[in-house]
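Residues per chain are reported as follows:
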Amino acid sequence: MKRAFSYYFWFMQKITIAIDGYSSTGKSTIAKQLAKALNYVYVDTGAMYRAVTLFAMKNEFTSDNEVLNVAGLVAKLPEIHLDFQPNSVLGYAEMYLNGENVEKQIRTLEVSKLVSPVAVIKEVREKLVDIQKGMGENKGVVMDGRDIGTVVFPNAELKIFMTASPEKRAYRRYKELLDKGEDVKYEDVLVNVQSRDHIDSTRKESPLRKADDAIEFDNSDMGLEEQFERMYGYAQRVIAKQK
């Protein structure tokens, strides 16, 4: 039935789906599923900020938990080229930084500790928001991040704001890192989640907040299948109303 629906909606007017929310709420996972079901383009904006963070780390503009040389990073921004290239085996696109596949490198806890401090930099946000707006010009896109429904696509037809308790989010992230072979402690992951929440919600440039017309979606006690069914239902109803 879902496949039949996806073919049906492929011929309908395409929309923009903006998914915002706190870290480790599963935004990317659900966004990928929706994009695949609807034959839409998926854009992981978090991966873009992580790639810039990795660039900053490699160029020694950072310490363990802060950006030491903001001016140096800003000066180097024109040298940063980001690209999503499809992986036919995985079924989704991976992040490339200056021609290098950095998908695994950007998912480490070390990058997670620094991504929020990098993301507060005005010039970084301006560069990436401009790229993101270009990616969604023709609609038919599912984009997730922190400011998609408020800044990047304030006129998106469907906006979702995902949330869950810090403890649940930290445990999910902890398990994910363990599965990837990372040597991490749950307590460290929880601290990182809470720190990112604070930085993302209080930063001056495009702070994380729920758009007035967004659907709040608390998935603290939901499995992936239930989340997808609800999200897909939202999309079906909105697409069906388009002319």
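### A closer look at the pattern of salt bridges
Part 1 of the argument: A full pass over the atoms with the stated rule returns 14 salt bridges.
Part 2 of the argument: The shortest N-O distance in the salt bridge between glutamate 103 and arginine 107 comes to 2.8 Å.
Part 3 of the argument: Of the charged contacts, one joins arginine 146 and aspartate 200 as a salt bridge, the two residues approaching to 2.9 Å between their closest N and O atoms. Residue arginine 146 is found in the loop between β6 (141–145) and α7 (148–152), and its partner aspartate 200 is found in helix α9 (residues 186–202); the two are separated by 54 residues along the sequence.
Part 4 of the argument: Assessed through its relative accessible area of 13%, arginine 146 is described here as buried.
Part 5 of the argument: What makes aspartate 200 buried here is its relative accessible area of 2%.
Part 6 of the argument: One network of salt bridges, with partners in common, ties together Asp44, Glu103 and Arg107.

### Some thoughts on the packing of aromatic side chains
Part 1 of the argument: Inspection of the entire model under this criterion finds 5 aromatic pairs.
Part 2 of the argument: When the ring of tyrosine 174 is compared with that of tyrosine 186, the centres are 6.0 Å apart and the planes differ by 80°; the resulting orientation is edge-to-face. Residue tyrosine 174 is found in helix α8 (residues 166–179), and its partner tyrosine 186 is found in helix α9; the two are separated by 12 residues along the sequence.
Part 3 of the argument: You can call tyrosine 186 partly exposed: its relative accessible area is 22%.
Part 4 of the argument: Centroid distance phenylalanine 228 to tyrosine 232: 5.3 Å. Interplanar angle 20°. Geometry classified as stacked. Of this pair, phenylalanine 228 and tyrosine 232 are both found in helix α10 (residues 224–240), 4 residues apart, which corresponds to roughly one turn of the helix.
Part 5 of the argument: We classify phenylalanine 228 as buried; its relative accessible area is 9%.
Part 6 of the argument: The rings of Tyr171, Tyr174 and Tyr186 are connected pair by pair, giving a single aromatic cluster.

### Comments concerning the nonpolar core
Part 1 of the argument: Val52, Leu73, Leu82, Met95 and Val124 are the most contacted members of the largest nonpolar core, which totals 35 residues.
Part 2 of the argument: Breaking this core down by element, the ones donating at least two residues are α3 (45–58), β3 (82–87), β4 (92–97), α5 (109–119), α6 (122–135), β6 and α7.
Part 3 of the argument: Among the elements that line this core, the one with the most residues is α3, at 8 residues.
Part 4 of the argument: Setting aside residues up to four positions removed in sequence, methionine 95 forms contacts with Ala47, Met48, Ala51, Leu82, Asp83, Phe84, Glu100, Asn101, Val102, Glu103 and Ile106.
Part 5 of the argument: In terms of nonpolar packing, the next biggest core, distinct from the first, is built from 24 residues, Leu34, Leu38, Val142 and Met222 among them.

### Re the packing of α3 against α5
Part 1 of the argument: Following both chains from N to C, one finds α3 and α5 inclined at 100°, their axes separated by 8 Å at the closest point. The orientation of α3 relative to α5 falls into the category roughly perpendicular. For the pair α3 and α5, the contacting residues are Tyr49, Arg50, Val52, Thr53, Leu54 and Met57 in the first and Glu110, Val111, Ser112, Leu114, Val115, Val118 and Ala119 in the second.
Part 2 of the argument: Classifying every residue of the contact of α3 with α5 gives 9 nonpolar, 2 polar and 2 charged.

### Observations concerning the environment of histidine 81
Part 1 of the argument: The topology assignment puts histidine 81 in the loop between α4 (70–76) and β3.
Part 2 of the argument: For the pair formed by histidine 81 and glutamate 126, sequence separation is 45 residues and the distance between their alpha carbons is 14 Å.
Part 3 of the argument: Among all residues touching histidine 81, those that are not within four sequence positions of it are Tyr96, Leu97 and Asn98.

### With respect to the sheet that holds β3
Part 1 of the argument: Strand order in the open sheet formed by 3 strands is β3-β4-β5, with antiparallel pairing between adjacent strands. Every other strand in the sheet has two partners, leaving β3 and β5 (100–101) as the edge strands with one partner each.
Part 2 of the argument: Across 2 bridges, β4 lies against β5 in antiparallel orientation. Note that in β5 the partner of tyrosine 96 across the bridge is asparagine 101.
Part 3 of the argument: Across the sheet, α3 touches β3, β4 and β5, and the angle it forms with β4 is around 25°.

### Some points on the sheet that holds strand β7 (residues 158–163)
Part 1 of the argument: Judged by pairing direction, the sheet is parallel, and its 5 strands sit side by side in the order β2-β6-β1-β7-β8 without closing on themselves. In the strand order of this sheet, the two ends are held by β2 (41–44) and β8 (215–218), each with one partner. With direction set aside, neighbouring strand axes in the sheet form an average angle of 20°.
Part 2 of the argument: As paired strands, strand β1 (residues 16–21) and β6 are joined by 5 bridges and run parallel to one another.

Basis of the calculations
- Residues numbered from 1 in each chain as written.
- Predicted model: local features only at pLDDT ≥ 70, side-chain atom pairs only at ≥ 80, totals over all residues.
- Heavy atoms only, no water.
- Salt bridge = Lys/Arg side-chain N within 4 Å of Asp/Glu carboxyl O.
- Helix = DSSP H or I, 4+ residues; strand = E, 2+ residues; numbered from the N terminus.
- Buried < 20%, exposed > 50% of the residue type's maximum accessible area, 1.4 Å probe, protein only.
- Phe/Tyr/Trp six-rings, centres within 6.5 Å; stacked < 30°, edge-to-face > 60°.
- Core = buried A, V, L, I, M, F, W, Y, C linked by side-chain atoms within 4.5 Å.
- Contact = heavy atoms within 4.5 Å.
- Axes fitted to C-alpha atoms, helices over the stretch in contact; angles between N-to-C directions.
- Parallel < 35°, antiparallel > 145°, perpendicular 65-115°, else oblique.
- Nonpolar A, V, L, I, M, F, W, Y, C, P; charged D, E, K, R; others polar.
- Pairing = 2+ DSSP bridges.

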